[in-house]
Amino acid sequence: MTVESTAARTPRRSAGNKAGTTGTKRTTSTKKATGARKSAGPALVQLLTPEGKRVKNAEFDQYVADITAEDLRGLYRDMVLTRRFDAEATSLQRQGELGLWASLLGQEAAQIGSGRALRDDDYVFPTYREHGVAWCRGVDPTNLLGMFRGVNNGGWDPNGNNFQLYTIVIGSQTLHATGYAMGITKDGADSAVIAYFGDGASSQGDVAEAFTFSAVYNAPVVFFCQNNQWAISEPTEKQSRVPLYQRAQGFGFPGVRVDGNDVLASLAVTKWALERARAGEGPTLVEAFTYRMGAHTTSDDPTRYRHDDERAAWEAKDPILRLRRHLESAHHADEGFFAELEAESEALGKRVREAVRAMPDPDHFAIFENVYADGHALVDEERAQFAAYQASFADQDGGK
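Residues numbered from 1 in each chain as written. Predicted model: local features only at pLDDT ≥ 70, side-chain atom pairs only at ≥ 80, totals over all residues. Heavy atoms only, no water.

Draft legend 1. Seen up close, the sheet that holds strand E4 (residues 193-198). An order of E3-E4-E5-E9-E8 is seen for the five strands of this open sheet, with the pairing classed as parallel. The strands lining the two open edges of the sheet, one partner per strand, are strand E3 (123-125) and strand E8 (255-259). On average, adjacent strands in this sheet sit at an angle of 20 degrees to one another, irrespective of strand direction. Relative to strand E9 (residues 284-289), E8 is paired through five bridges, and the arrangement is parallel. Residue Val256 lies in a different strand from E9, and its bridge partner there is Val286. Across the sheet, helix H9 (residues 263-278) is in contact with E4, strand E5 (221-227), E8 and E9; its angle to E8 comes to roughly 160 degrees. (Pairing = 2+ DSSP bridges. Helix = DSSP H or I, 4+ residues; strand = E, 2+ residues; numbered from the N terminus. Axes fitted to C-alpha atoms, helices over the stretch in contact; angles between N-to-C directions. Contact = heavy atoms within 4.5 Å.)

Draft legend 2. Molecular detail of the layout of surface pockets. Computed from the structure, the second largest pocket encloses a volume of approximately 320 Å³. Together, 22 residues line the second largest pocket, and Tyr128, Arg129, Ile170, Gly198 and His296 are the ones closest to its centre. Among the residues making up the lining of the second largest pocket, the classes are represented as nine nonpolar, ten polar and three charged. (1 Å grid on protein atoms, 1.4 Å probe; cavity = no way out; pocket = protein on both sides within 12 Å on 5 of 7 lines; lining within 4 Å. Points joined across faces, edges and corners; volume = space filled by probe spheres on them. Nonpolar A, V, L, I, M, F, W, Y, C, P; charged D, E, K, R; others polar.)

Draft legend 3. Focus on the pattern of salt bridges. Counting across every chain of the model gives 24 salt bridges. Arg357 is the partner of Glu97 in a salt bridge, and the nearest nitrogen-oxygen pair spans 3.5 Å. With Glu97 in the loop between helix H2 (69-94) and helix H3 (108-116) and Arg357 in helix H12 (residues 335-357), the pair connects residues that are 260 residues apart, well separated along the chain. Its relative accessible area of 44% is what places Arg357 among the partly exposed residues. Between Glu281 and Arg276 there is a salt bridge whose closest N-O contact spans 3.4 Å. The exposure class assigned to Glu281 is partly exposed, which follows from its relative accessible area of 45%. When its relative accessible area of 12% is taken as the criterion, Arg276 is described as buried. One salt-bridge network, in which partners are shared between bridges, spans Arg84, Glu88, Glu346 and Arg353. (Salt bridge = Lys/Arg side-chain N within 4 Å of Asp/Glu carboxyl O. Buried < 20%, exposed > 50% of the residue type's maximum accessible area, 1.4 Å probe, protein only.)

Draft legend 4. Spatial organisation of the environment of Pro362. Residue placement: Pro362 occurs in the loop between H12 and helix H13 (377-391). Residue class for Pro362 comes out partly exposed when judged on its relative accessible area of 36%. For the pair Pro362 and Val151, spaced 211 residues apart in sequence, the C-alpha separation works out to 5.0 Å.

Draft legend 5. Broad picture of the packing of H2 against helix H11 (residues 319-329). Interhelical geometry of H2 versus H11 gives an angle of 150 degrees and a closest axis separation of 10 Å. By the angle between their directions, the pair H2 and H11 is classed as roughly antiparallel. For H2 against H11, the interelement crossing comes out left-handed. Judged by residue contacts, Leu72, Arg73, Leu75, Tyr76, Met79, Val80 and Arg83 of H2 engage Pro319, Ile320, Leu323, Arg324, His326 and Leu327 from H11. (Parallel < 35°, antiparallel > 145°, perpendicular 65-115°, else oblique. Left-handed = near helix turned anticlockwise from the far one by under 90°.)

Draft legend 6. The packing of H3 against H9, seen in detail. Relative orientation of the contacting elements H3 and H9 amounts to 40 degrees, with a least axis distance of 7 Å. In terms of axis orientation, H3 runs oblique to H9. Note on packing geometry: the crossing formed by H3 with H9 is right-handed. Note on element contacts: H9 touches H3 through Val263, Ser266, Leu267 and Thr270, opposite Ala109, Ala110, Ile112, Gly113, Ser114 and Arg116. Split into classes, the residues belonging to the contact of H3 with H9 amount to five nonpolar, four polar and one charged.

Draft legend 7. Structural detail: the nonpolar core. In terms of nonpolar packing, the biggest core is built from 67 residues, with Tyr76, Leu145 and Leu323 touching the most fellow members. If you tally residues by element for this core, the top one is H9, at ten residues. Formed by 21 residues, the second largest nonpolar core is a distinct cluster that contains Ala201, Val207, Ala219 and Cys225. (Core = buried A, V, L, I, M, F, W, Y, C linked by side-chain atoms within 4.5 Å.)

Right under this line is the structure:
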């Protein structure tokens, strides 16, 4: 069973809606037809309603059939701790401890659900917002902050957790993922690759090229698009005339839209897509229909381009609240569990806060290392000039 999209979108004025438009009758009939199509909407895979009610799905129930009450509590814990870490990082940026931060607020279910669907030998290519997936892969949250503090270029070994470094260039990681997937196929491995990107990145040429190569070479890759409705200040309907998951059809592989605020559905659909990849059936596009509750990054002001009632409508479908309602109604968790988790989340926030402030400053001269394998006269000259510039800040006592 699939259900229709219930995403609340605030109507936006377009040129065709302005007063004084000619052809009133035709415009009215067109509006009615368009409204009818919008009310139907594309199919949305959903296993948990916003009220926390479990709904059946003949196609995808099998992928979460073995989920226990303990597993559900684990998914809830993952989402709560990821949100707490994210909130702490946002606060640290506001306090001047980080240069920038990209919040995942509202997207926890899409990331935790898909992240927990992965096997250890699968490989992840993230953007810069996949903090929940990083959590699932065992990357220490404090390691995510070094780049945003400006003390390193990543902070972890990608091969240690099969989790690539964050990618700032929009959409380029889909090509990296496709190439890696083509490579493991030649190696004879049965693992899969997943590439994360947003709705805005889906308009990039790199993503289209990745779709083409993955389809032609039948690469074992899952393209996981988190459609959070806004590419910074550009809404999805101004980027695509069709739902994003339908773009896969033109490249010759399946696409599916999943309720990205439903952790169970995100888990089930990603498991299905990964199994297709491992079985040699090629790529899949998963569109996780979710919402970015906060700003695009801490340098963004979403109040300039979207309305409060839009956010309020999506807050009613909050992914964490949704699973909590299910846990409570099914008697899978008691107040003791929630209280213990609250204490754990506060301890995590404290640990992150202390770790960031204790990060050592980077070596100012590291930028000159490894530019050339054997050194270069021009680099040596630049290093000397920089050293003299740094020395000019020394005080009269010779201190730095």
